[in-house]
Amino acid sequence: MINISFPDGNVRQYEAGTTAFEIANSISEGLARNVFSATVNGTLTDRDLPLQEDATIVFHTWRDQGGKETFWHSTAHLMAEALEAMYPGIKFGYGPAGRDGFFYDVEPPEGTTISSDDFPAIEAKMLELARQKNEYVRKEVSKADAIAYFKEKGDEYKLELLEDLEDGTITFYTQGEFTDLCRGPHIPNTGLIKAIKLTKIGGAFWRGDESNKQLTRISGISFPKAKELKEYLAMIEEAKKRDHRKLGKELELFMFSEKVGAGLPMWLPKGTQLRERLVNFLKVKQENAGYQQVTTPHIGKKDLYVTSGHWDKYGEDSFQPIKTPRVDEEFMLKPMNCPHHCEMYKFRPRSYRELPIRFAEFGTVYRYEQTGELHGLSRVRGFTQDDAHIFCTPEQVKGEFIAVVDIVKEVLNLIGFDDVTAQISLRDPQTPEKYIGSEENWKIAEQSIIDACKEIDMNTVTAFGEAAFYGPKLDFMVRDALGRQWQLGTVQVDYNLPERFELEYIGSDNATHRPVMIHRAPFGSLERFTSILIEHTGGKFPLWLAPEQFAILPISEKFNDYSTNVMQQLATHDIRGIVDDRNETIGRKIRDNELKRIPFLLIVGEKEVESGGVAVRVQGDGDKGTMSVEEFVAFFREQL
RNA sequence: GCCGAUAUAGCUCAGUCUGGUAGAGCAGCUGAUUUGUAAUCAGCUGGUCGGCGGUUCGAAUCCGUCUAUCGGCUCCA
């Protein structure tokens, strides 16, 4: 007998050789039917693998991410089977499941290309194969046999993957006519896959290496029920409607111009209003938290960035240095604000008594992002960071770090993001050459982030290899209204720049010490943050951020003067808006201003003029009846 | 930067395959209408068909190149 422990702490006894499926079945048939795979002693396995020893077990169904990924991984194999049937000689690279579906990197046979036009045919073939309810059969194979199989098949990519695998750990999975090198696990049979949608096609470098050959990546998603595919497609539709590039144009928030240059956004008046409100909001928060606002120029001598290390690390990817009439003099557009702030710290000798010093700046920086990377407002070449640098003593780091995290959480919540998590981004231990600074400093910095997060009970995940080149980071992520996760701002502890700039302070011991720097930007950049805010709200901004909070719609021209009068009254209460005095029907004015996502529409005609009121309509929610101007002001305040 | 696609009026798009100097709806302008809760009616204006070069008697249409955009990849201080 073996002891099986469950996540709720229960322990039950089973015969050795019992499978996860049988164990689930002993709990409830319903559960067993839904189990796709299981995590046994921390390892993801097939539900039908016999267990020989005591184990902890977690079942995976469609309801959890592990189950979904098992399902999608199996769908990737199903797609491979379909592709092999349709394109004989096709070669397969890497075909995993991800957070949101699956993909397979393939090399179509010489002379053929696959495009999204072929998706319907591939989907149909996949469904046809799915209906055969073929079992996913696991088989342990020797390395020699595995190599022989793929040599025979002529698939050099699988052979390359095999090189890194050890004999004795290699398994094949076969369903129907298709056999793949795979660690598993898989769902029991293809019949569970009821709905399939291929979503994307594009190039992908073999093993993610730019110097390797490009394969064709075909991505898709699948579901156990057709209804779920429908819901997914509806969500995609909604995401398209909310695309910030589309709304940015429609709501006249920002624009780009081929003549000005790619990736250089220009904020139109309404976008600028929104942006200014975000800036002022944060400025007030920061001033209350002891930050001091500073201002620095947009360029600096190349030498500044040689000192900071940015030139060495990113010189190639920057806008190239600006020459002046003087020989050998070069300036750079600033890619970061920190070097300027370091120099400001050195304005005069600093005492421990004045630390921490917190310099904040909405600093516009320029980076030459790769052409293929530019994307609306979220990836641009000129953007404004809500940047600040805190110079403090080593003892103050943890306290400052915690205060920063608090401010970030508060700010994001106030703007309407409730689901905030953080990622602790540490070095990749495999590639130490990518980072500058001493081993010792890195260790201290990484540990202080980990400790601080523990202390404030922040919901975190840890990612290796995601650190900045000069220090570890804490990256903030929010989940938007459509459930998508976005990365926003960061907090970074940096022992490096203070050293490079030889920053000092005089301690209580009258000796010189080196301060520590904390970089932080809650929004990251105003551009990126705004793009996320647009998609999160679908253009229906929180009332306090809306560029126009109301529109007054006179029933006819006769009421234009009264409308202007109401607008002026509201302005005295700091409520901003417009009068739509176009010669149009009221229905038309309502439609147009609803589409502009204006929060309140105030309709005025004969009755309102007589009573001195306004008929209030809430965006997306229809008629709220007539109110006096004072009542509306109170109503407005309530909703603010 | 790499792979693939796209670029026609302010916006959304047809016309491109099968070369014969452009078309719709909305927006804009003018006029009529003076409107009560998501598009009033009529008329008019508007395009070196992304730029440059080539093939051709003739190019929005075919070819090359550059720019920009889109979907991926790589990157993201």
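Residues numbered from 1 in each chain as written. Chains lettered and ligands numbered in written order. Predicted model: local features only at pLDDT ≥ 70, side-chain atom pairs only at ≥ 80, totals over all residues. Heavy atoms only, no water.

Let us look at the UniProt feature "binding site: Zn(2+)" (unreviewed entry) in chain A. Within the UniProt annotation, "binding site: Zn(2+)" (unreviewed entry) is assigned to C338, H389 and H519. On the basis of their most widely separated C-alpha atoms, the annotated residues across 182 residues gather in one place, lying no more than 7.9 Å apart. Of the residues annotated just before, the largest pocket has H389 and H519 among its lining. By relative accessible area, which is 0% here, C338 ends up buried. Discounting residues that sit within four places of it in the chain, C338 has contacts with H310, H389, L497, M517 and H519. Within the secondary structure layout, H389 lies in strand β23 (residues 382-392). If sequence neighbours within four positions are ignored, H389 has contacts with N337, C338, H341, I357, R358, F359, M517, I518 and H519. (UniProt positions renumbered as here; feature names shortened; annotations may be inferred. 1 Å grid on protein atoms, 1.4 Å probe; cavity = no way out; pocket = protein on both sides within 12 Å on 5 of 7 lines; lining within 4 Å. Buried < 20%, exposed > 50% of the residue type's maximum accessible area, 1.4 Å probe, protein only. Contact = heavy atoms within 4.5 Å. Helix = DSSP H or I, 4+ residues; strand = E, 2+ residues; numbered from the N terminus.)

This paragraph deals with the protein's contact with RNA strand B. Taken together, the neighbourhood of RNA strand B is formed by 54 residues, with M336, T371, E373, N583 and R588 sitting nearest. With respect to RNA strand B, the side chain of R379 contributes an N or O atom lying 3.0 Å from a base oxygen. The backbone of K607 places a nitrogen or oxygen atom 3.1 Å from a base oxygen of RNA strand B. For the surface near RNA strand B, the secondary structure elements donating two or more residues are β14 (195-205), β15 (214-223), α8 (244-250), α18 (586-595), α19 (606-611) and β34 (613-618). Of the residues belonging to the surface near RNA strand B, the class tally is 16 nonpolar, 16 polar and 22 charged. (Near = heavy atom within 4 Å. Polar contact = N/O pair within 3.5 Å; in protein donor to acceptor, adjacent residues only side chain to side chain. Nonpolar A, V, L, I, M, F, W, Y, C, P; charged D, E, K, R; others polar.)

Here we take up unusual backbone geometry. In this chain, G184 is followed by P185 through a cis amide linkage whose omega measures -5 degrees. Cis geometry marks the peptide bond from L355 to P356, where omega comes out at 0 degrees. You can see P356 is positioned in the loop between α12 (338-345) and β22 (357-366). One non-glycine residue, N41, lies in the positive phi region at around 50 degrees. Residue class for N41 comes out partly exposed when judged on its relative accessible area of 46%. Phi at D574 is positive, roughly 60 degrees, even though this residue is not glycine. Structurally, D574 is set in the loop between α17 (560-571) and β32 (577-579).

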